[in-house]
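Each chain is listed here by its residues.
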Amino acid sequence: SDNSDYDDLIHILYSKNIRLSDSYIFDGRADLIDIDISEMEINNCIFENSGNDAIDAMTSDVIISNTFIRKSGDKGLSAGESSKVFVTNLTFENTQIAIQSKDGTMVSVKDSKFLNNSQQLDAYQKNWRYGDGGRINVESSSFEGIQNSITARSKSKITISNSFFNKKYSHLKNKRVNFTNNTIRN
């Protein structure tokens, strides 16, 4: 915790078989963990109070499970540059953007909670060199927020299925944001 000399609290670069488990990572100046061109598993961790992103993945394969992300200054999970990220049983609470996917990246989410984030999901194309935007597929999860803001911009797509919302969500549907078999529960 409490880094002040460098942007990232933890930086993983050109690495394989990295495992982070049972850890509490908090109060980072910018990103709490930055994963670049690596393969990593994160399990049973808490990420709290990042100045920027809690987890930032670039050109990486990342599996994240049983983890809690709270109070990210920017994104809870930022994934880009052709990353593949698998998320199971995560809670995103009080972040600016819970998950953002961009530039040929696929984020698959299952059994997770999105609680009071300014924006729940966002996908877009930032860099034309990757030829595509971001993809986010969410299954069996719950969305509880004031607006449940979900956006997919140019060349991007978000699909949410078999999930729960705390209020109406049909106004969020468009050609890039699809909903299948979801329900509203109070």
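A few points on the structure.

What follows is about the pattern of salt bridges. Counted under the stated rule, the structure contains seven salt bridges. The partner of arginine 153 in a salt bridge is aspartate 122, and the shortest N-O contact between them spans 2.6 Å. Placement of arginine 153 in the loop between strand S17 (150-152) and strand S18 (157-161) and of aspartate 122 in strand S14 (residues 119-124) is noted, with a sequence separation of 31 residues between them. By relative accessible area, which is 39% here, arginine 153 ends up partly exposed. Aspartate 132 is the salt-bridge partner of arginine 135, the closest N and O atoms lying 3.4 Å from each other. With a relative accessible area of 26%, aspartate 132 lands in the partly exposed category.

Attention now moves to unusual backbone geometry. Even without being a glycine, asparagine 66 presents a positive backbone phi close to 50°. Structurally, the position occupied by asparagine 66 is in strand S8 (residues 61-72). Although it is not a glycine, aspartate 111 sits at a positive phi angle of roughly 55°. Structurally, aspartate 111 is set in the loop between strand S12 (106-110) and strand S13 (113-115). For aspartate 111, a relative accessible area of 38% corresponds to the partly exposed category.

Quick look at a nonpolar patch on the surface now. On the surface, a cluster of nonpolar side chains totalling about 320 Å² of accessible area is made up of Leu13, Tyr14 and Ile37. With relative accessibility at 35%, the residue isoleucine 37 sits in the partly exposed group.

To continue, consider the sheet that holds strand S9 (residues 75-80). Hydrogen bonding along the main chain pairs the strands of a sheet, whether they run parallel or antiparallel. A sheet is described by the order of its strands in space; here seven strands give the open sequence S1-S4-S7-S9-S11-S14-S17, paired in parallel fashion. The sheet is open, and its two edges are formed by strand S1 (10-13) and S17, each paired on a single side. Each strand axis lies, on average, 5° off the axis of its neighbour in the sheet, ignoring direction. Note: strand S4 (residues 33-36) against strand S7 (residues 55-58), four bridges, orientation parallel. Looking at the pairing, aspartate 34 lines up with aspartate 56 of S7.

In total, this model carries seven aromatic pairs according to the counting rule given. The interplanar angle of 20° and the centroid separation of 4.4 Å between the aromatic rings of tyrosine 24 and phenylalanine 26 together place this pair among those described as stacked. In this structure phenylalanine 26 comes out as partly exposed when scored by relative accessible area, which is 23%. Plain terms: the ring middles of phenylalanine 165 and phenylalanine 179 are 5.7 Å apart, the flat faces sit at 70° to each other, and that makes the pair edge-to-face. Here phenylalanine 179 lies in strand S20 (residues 177-180) and phenylalanine 165 lies in strand S19 (residues 164-165), a separation of 14 residues in the sequence. Through a chain of ring-to-ring contacts, three or more aromatic side chains come together here, namely Phe92, Phe114, Phe143, Phe165, Tyr169 and Phe179. When the ring centre of tyrosine 124 is taken as reference, the NZ or CZ atom of arginine 153 above it lies at 4.4 Å. Positioned above the aromatic ring of phenylalanine 164, the side-chain terminus of arginine 185 is 3.9 Å from the ring centre.

What counts, and where the lines are drawn
- Residues numbered from 1 in each chain as written.
- Predicted model: local features only at pLDDT ≥ 70, side-chain atom pairs only at ≥ 80, totals over all residues.
- Heavy atoms only, no water.
- Salt bridge = Lys/Arg side-chain N within 4 Å of Asp/Glu carboxyl O.
- Helix = DSSP H or I, 4+ residues; strand = E, 2+ residues; numbered from the N terminus.
- Buried < 20%, exposed > 50% of the residue type's maximum accessible area, 1.4 Å probe, protein only.
- Patch = residues over 30% accessible without salt bridge, like charges linked within 9 Å, V, L, I, M, F, W, Y side chains within 5 Å.
- Areas by Shrake-Rupley, 256 points an atom, 1.4 Å probe, with all protein chains shown as cover.
- Pairing = 2+ DSSP bridges.
- Axes fitted to C-alpha atoms, helices over the stretch in contact; angles between N-to-C directions.
- Phe/Tyr/Trp six-rings, centres within 6.5 Å; stacked < 30°, edge-to-face > 60°.
- Lys NZ or Arg CZ within 6 Å of the ring centre and 35° of its normal.

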